[in-house]
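Below are the chains, spelled out letter by letter.
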Amino acid sequence: MPFSCLKETSDSLVSISVVRCQLYPPQRAFHASAVLRRVSDERKKEPSASSSQQHFDSHPTDHQPEQEPQGPRPSYTGQGGQESEDYESEEQLQHRILTAALEFVPEHGWTAEAIAEGAKTLGLSVAAAGMFHSDGSELILHFVSQCNTKLAELLEQEQKLVQLGETEKKATDQFLRDALEARLRMLIPYIEKWPQALSILLLPHNIPSGFNLLTSMIDDIWHYAGDQSTDFNWYTRRAVLTGIYNTTELVMMQDSSPDFEETWRFLENRVADAMNMGNTAKQVQSTGEALVQGLMGAAVTIKNLTGLNQRR
Amino acid sequence: MAAGLGLCPCRALLGGRRGALRALVRPARGLAAAKETHFGFQTVSEEEKGEKVYQVFENVAKKYDIMNDSMSLGIHRLWKDILMHKMNPSPGTLLLDVAGGTGDIAFRFINYVRSIRERQLQRKLKHHQNLSWQEIADSYQEEAIKPLGDSQVVVCDINKEMLKVGRQKAQHLGYSEGLSWVVGNAEELPFDDNKFDVYTIAFGIRNVTHIDLALQEAYRVLKPGGRFLCLEFSQVNNPLLSRLYDLYSFQIIPVLGEIIAGDWKSYQYLVESIRRFPPQEEFKAMIEDAGFLKVDYQNLTSGIVAIHSGFKL
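Note that this is a predicted model, so its numbers are computed, not measured.

**Here we look at the overall build of chain B**
1) Next: Along its length, chain B carries 12 helices and nine strands.
2) Next: A burial count over chain B gives 55% of its 313 residues as buried.
3) Next: A separation of at least 24 residues holds for 75% of the contacts in chain B among residues at least 6 apart in sequence.
4) Next: Surface exposure of chain B reaches about 14500 Å², of which carbon and sulfur atoms provide 56%.

This is how it looks when you write it as structure tokens:
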């Protein structure tokens, strides 16, 4: 999910040796972050080159910001807001806000309002929703990515159980059906607003990210299904499963049967079709061969009849 | 560009006699008693700058809006609209508009929040198809009582004349609730910590004597998660446009100022102060210095105006 923080639309004069007016202090001030909280066991990404600008000098921290509900913790804010070891980054804060926003989606839809409500529950101002795109794209992508991660964990656990011998290994079609059903069930709490989400995912600027998430999910499923192919089949399998997933999702949107029975039946039929497709391909091939044999025989017979084959 | 306080000899001629004298005397004196800053292309002491800026705006207050329209050919309205869209405030937002004298941003905020609120209520009604008449009447009442949904805007300005004009405009246009008018200095705001959701300053920060203090005050009064938005004239990146813009600024705007507002000097100051303001990247660094995170800017009209945004995280 590319959060392009620095949208520099000007062709900036890069590598500016900024001549700072003597009114402004040359080094980064020592600041306490008001919101980013300590993540004690997480090692942060390497500090950027600008961290060399951090000076622990004798300057009194005359602008210590106020206390906020989580308690003040001094942090060293480098340029661009990268934190030192023990603090969460802005990205993590954004993830937290989006996760909190999900519970407001059934009421507000996938919009900046839901994000604003989510920020409020974390103790932030509603203006924090301004960090995100106003059409709610990031919220949707965050949700999809979360679902994919949950699915991967589920499949991982199943695989472990199989390896430990506690359960039987499933047949491929059963495996695919279960995996897709588990994934689609994650949409149920948000099913009313999901059509809106699908349409937003189809906006041009969201298509790359949405597509990536979809393909990586399908990859995961095939990986855990034990797909070892390295030939042309790799693409066909993914294309087929993507097709099944998308069509089932659409069916689910307008399914009103209890617990979405119709959808699961549709899914079962599609997966069965896909399995048969493999057999059908072989059948077509052998039919083709038989046909060619027949034609060759017919041609030789005709040649014999017309006397072209005779040796003089 | 001569950032910093020194003036080259040719500039000293342009500045007032006083400025020139000071430029010649200063090296001999060593450490000057009062710190100096720029007022347009002149050099003045810091206290003086505050007074002079106050006078400028006192003089132009009555014709401020007309001059804005004629100088920018009405485009300033688009700029302010874009600022409002970028802010995208939800009902319940508390806005502090600093240097917001005549209330342009405040009125746009109220309109925006009102329409969002209406849409929200309509959506709620549509959602519950089977409402009893009582419930429908109740929701209409709610809409009448809280048309703004608890949103409020505080307009703060150091100049009483500008606030007076703003209040008259508000009365004239029919804005009555959700508005407060406060006299205050951007470097020392008369508000408590952690109060506001959004802090805006439109075309005001270049007039502040100590920009860093204003940024620090902005950081102080914002709630955690709050947003800082600054709409200000900035550097044009296109060289051809830059030349045309310079021509327009120095030749046409002061003349317009004389004709329409009867005040050449104020508009000369205005145009010069734009040139003295730091460019986009430098200002972005200053905002980061004050402690804001996720700072970024958006150029409008290829750099004539830029919107800087930062969050208190």
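Here the narrative resumes.
**Structural notes on the environment of Pro254 of chain B**
Residue and element names in this part refer to chain B.
1) Next: Summarising the element assignment, Pro254 is placed in helix 10 (residues 239-261).
2) Next: Sequence separation between Pro254 and Tyr269 is 15 residues, and the spatial gap between their C-alpha atoms is 9.0 Å.
3) Next: Aside from chain neighbours lying at most four places away, what touches Pro254 is Ser249, Trp264, Tyr267 and Gln268.

**Section: the UniProt feature "binding site: S-adenosyl-L-methionine" (unreviewed entry) in chain B**
Residues and elements named next belong to chain B.
1) Next: The UniProt record annotates "binding site: S-adenosyl-L-methionine" (unreviewed entry) at Thr102, Asp157, Asn185 and Ala186.
2) Next: Within the secondary structure, Asn185 is located in the loop between strand 5 (179-183) and strand 6 (196-202).
3) Next: Of the residues examined, Asn185 reaches a relative accessible area of 30% and is grouped as partly exposed.
4) Next: As for its placement among the helices and strands, Ala186 is situated in the loop between strand 5 and strand 6.
5) Next: The contacts of Ala186, once residues within four sequence positions are left out, are Val98, Val208, Ala214 and Glu217.

**Structural notes on the side chain of Arg206 of chain B**
Residues and elements named next belong to chain B.
1) Next: Within the element layout of this structure, Arg206 appears in the loop between strand 6 and helix 9 (211-221).
2) Next: Here the side chain of Arg206 touches Glu232 through a polar contact of 2.7 Å, side chain to side chain.
3) Next: Here the side chain of Arg206 touches Ser273 through a polar contact of 3.0 Å, side chain to side chain.
4) Next: For Arg206, the residues in contact, after removing those within four places along its chain, are Lys49, Glu232, Phe233, Tyr269, Leu270, Ser273, Ile274 and Phe277.

**Notes on the packing of helix 4 (residues 64-72) of chain B against helix 5 (residues 75-87) of chain B**
All names here are of chain B.
1) Next: Helix 5 packs onto helix 4 with a crossing angle of 100° between their chain directions and a minimal axis gap of 7 Å. One way to sum up the angle between helix 4 and helix 5 is to call them roughly perpendicular. Contacts between helix 4 and helix 5 involve Asn68, Asp69 and Ser72 on the former and, on the latter, Ile75, His76, Arg77, Trp79 and Lys80.
2) Next: Taken together, the residues that form the contact of helix 4 with helix 5 break down as two nonpolar, three polar and three charged.

**Thoughts on the UniProt feature "domain: Ubiquinone biosynthesis protein COQ9 HTH" (unreviewed entry) in chain A**
1) Next: The sites that carry the UniProt feature "domain: Ubiquinone biosynthesis protein COQ9 HTH" (unreviewed entry) are, in the present numbering, residues 90-120 of chain A.
2) Next: As annotated, residues 90-120 of chain A has a helix share of 81% and a strand share of 0%, and its two end C-alpha atoms lie 17 Å apart.

**As for the pairing of strand 4 (residues 152-157) of chain B**
Residue and element names in this part refer to chain B.
1) Next: The buried fraction of strand 4 amounts to five of the six residues, a majority that puts the element mostly inside the structure.
2) Next: Sheet topology places strand 3 (residues 94-98) next to strand 4; five bridges connect them, and they run parallel. Considered in strand 4, the bridge of Leu96 is made with Val154.
3) Next: Direction of pairing for strand 4 relative to strand 5: parallel, over a ladder of five bridges. Within the sheet, the bridge partner assigned to Val154 lies in strand 5 and is Ser180.
4) Next: Once you follow strand 4 into helix 8 (residues 160-173) and on to strand 5, the crossover reads as right-handed.

**Comments concerning the sheet that holds strand 8 (residues 293-300) of chain B**
All names here are of chain B.
1) Next: Within the open sheet, the seven strands sit side by side as 5-4-3-6-7-9-8. Their pairing is mixed. Each edge of the open sheet carries a strand with a single partner, namely strand 5 and strand 8. Neighbour-to-neighbour, the strand axes of the sheet open up by a mean angle of 15°, direction not taken into account.
2) Next: Contacts from helix 12 (residues 280-289) reach strand 7 (222-233), strand 8 and strand 9 (305-311) within the one sheet, and its direction differs from that of strand 8 by about 155°.

**So, the confidence of the model for chain A**
Residues and elements named next belong to chain A.
1) Next: Looking at chain A, pLDDT values average 77 and 72% of them are 70 or higher.
2) Next: For chain A, strand 2 (residues 73-74) is the element with the lowest average pLDDT, namely 42, and helix 4 (residues 137-163) is the one with the highest, namely 93.
3) Next: Taken together, the stretch residues 1-30 has pLDDT below 50 and engages in 63 contacts with residues farther than four places along the chain or on a different chain.
4) Next: Ignoring residues within four places in sequence, the model shows residues 41-85, a span with pLDDT below 50, making 81 contacts including any to other chains.

**Let's talk about the pairing of strand 7 of chain B**
Residues and elements named next belong to chain B.
1) Next: Among the 12 residues in strand 7, 11 count as buried, and that is most of the element.
2) Next: Looking at chain direction, strand 6 and strand 7 are connected through six bridges and run parallel. Bridging across to strand 7, Tyr199 finds its partner in Phe228.
3) Next: Considered for its hand, the β-α-β crossover made up of strand 6, helix 9 and strand 7 is right-handed.

**A closer look at the pattern of salt bridges**
All names here are of chain B.
1) Next: Taken as a whole and assessed by the stated rule, the structure comprises 18 salt bridges over all chains.
2) Next: Where Asp65 meets Lys169, a salt bridge forms, and the shortest distance between an N and an O atom there is 3.1 Å. Highlighted residues: Asp65 in helix 4 and Lys169 in helix 8, separated in sequence by 104 residues.
3) Next: Ionic contacts of the salt-bridge type, sharing partners, join the residues Asp65, Lys80, Asp104 and Lys169 into one network.

**Considering the packing of helix 4 of chain B against helix 10 of chain B**
Residues and elements named next belong to chain B.
1) Next: At a closest axis distance of 10 Å, the pairing of helix 4 and helix 10 adopts a crossing angle of 145°. Like other packed secondary-structure pairs, helix 4 and helix 10 cross with a definite hand, here right-handed. Two secondary-structure elements touch here, helix 4 through Ile66, Met67, Ser70 and Met71 and helix 10 through Tyr248, Ile253, Leu256, Gly257, Ile260 and Ala261.
2) Next: Split into classes, the residues belonging to the contact of helix 4 with helix 10 amount to eight nonpolar, two polar and no charged.

**What about the UniProt feature "domain: COQ9 C-terminal" (unreviewed entry) in chain A?**
1) Next: Those residues carrying the UniProt feature "domain: COQ9 C-terminal" (unreviewed entry) are residues 208-278 of chain A in this numbering.
2) Next: Each end of residues 208-278 of chain A is marked by a C-alpha atom, and these two atoms are 30 Å apart; helix forms 79% of the span and strand 0%.

**Thoughts on unusual backbone geometry**
Residue and element names in this part refer to chain B.
1) Next: A positive phi angle, near 45°, is found at Asn88, a position not held by glycine.
2) Next: The topology assignment puts Asn88 in the loop between helix 5 and strand 3.
3) Next: When its relative accessible area of 25% is taken as the criterion, Asn88 is described as partly exposed.
4) Next: Located in the positive-phi region is Ser302, a residue other than glycine, with phi close to 45°.
5) Next: In this structure, Ser302 sits in the loop between strand 8 and strand 9.

**With respect to the packing of aromatic side chains**
The relative placement of two aromatic rings is captured by the distance of their centres and the angle of their planes.
All names here are of chain A.
1) Next: Taken as a whole, this structure holds 19 aromatic pairs over all chains when the rule is applied.
2) Next: With a centroid separation of 5.7 Å and 70° between ring planes, the pair formed by Trp110 and Trp194 is classed as edge-to-face. With Trp110 in the loop between helix 2 (105-108) and helix 3 (112-121) and Trp194 in helix 6 (residues 194-201), the pair connects residues that are 84 residues apart, well separated along the chain.
3) Next: Given a relative accessible area of 0%, Trp110 falls into the buried group.
4) Next: Residues Phe143 and Trp194 carry aromatic rings whose centres are separated by 5.6 Å and whose planes lie at 70° to one another, so their mutual orientation is edge-to-face.

Basis of the calculations
- Residues numbered from 1 in each chain as written.
- Chains lettered and ligands numbered in written order.
- Predicted model: local features only at pLDDT ≥ 70, side-chain atom pairs only at ≥ 80, totals over all residues.
- Heavy atoms only, no water.
- Helix = DSSP H or I, 4+ residues; strand = E, 2+ residues; numbered from the N terminus.
- Buried < 20%, exposed > 50% of the residue type's maximum accessible area, 1.4 Å probe, protein only.
- Contact = heavy atoms within 4.5 Å.
- Areas by Shrake-Rupley, 256 points an atom, 1.4 Å probe, with all protein chains shown as cover.
- UniProt positions renumbered as here; feature names shortened; annotations may be inferred.
- Polar contact = N/O pair within 3.5 Å; in protein donor to acceptor, adjacent residues only side chain to side chain.
- Axes fitted to C-alpha atoms, helices over the stretch in contact; angles between N-to-C directions.
- Parallel < 35°, antiparallel > 145°, perpendicular 65-115°, else oblique.
- Nonpolar A, V, L, I, M, F, W, Y, C, P; charged D, E, K, R; others polar.
- Pairing = 2+ DSSP bridges.
- Right-handed = clockwise from strand over helix to strand, strands pointing away.
- pLDDT = per-residue confidence, 0-100.
- Salt bridge = Lys/Arg side-chain N within 4 Å of Asp/Glu carboxyl O.
- Left-handed = near helix turned anticlockwise from the far one by under 90°.
- Phe/Tyr/Trp six-rings, centres within 6.5 Å; stacked < 30°, edge-to-face > 60°.

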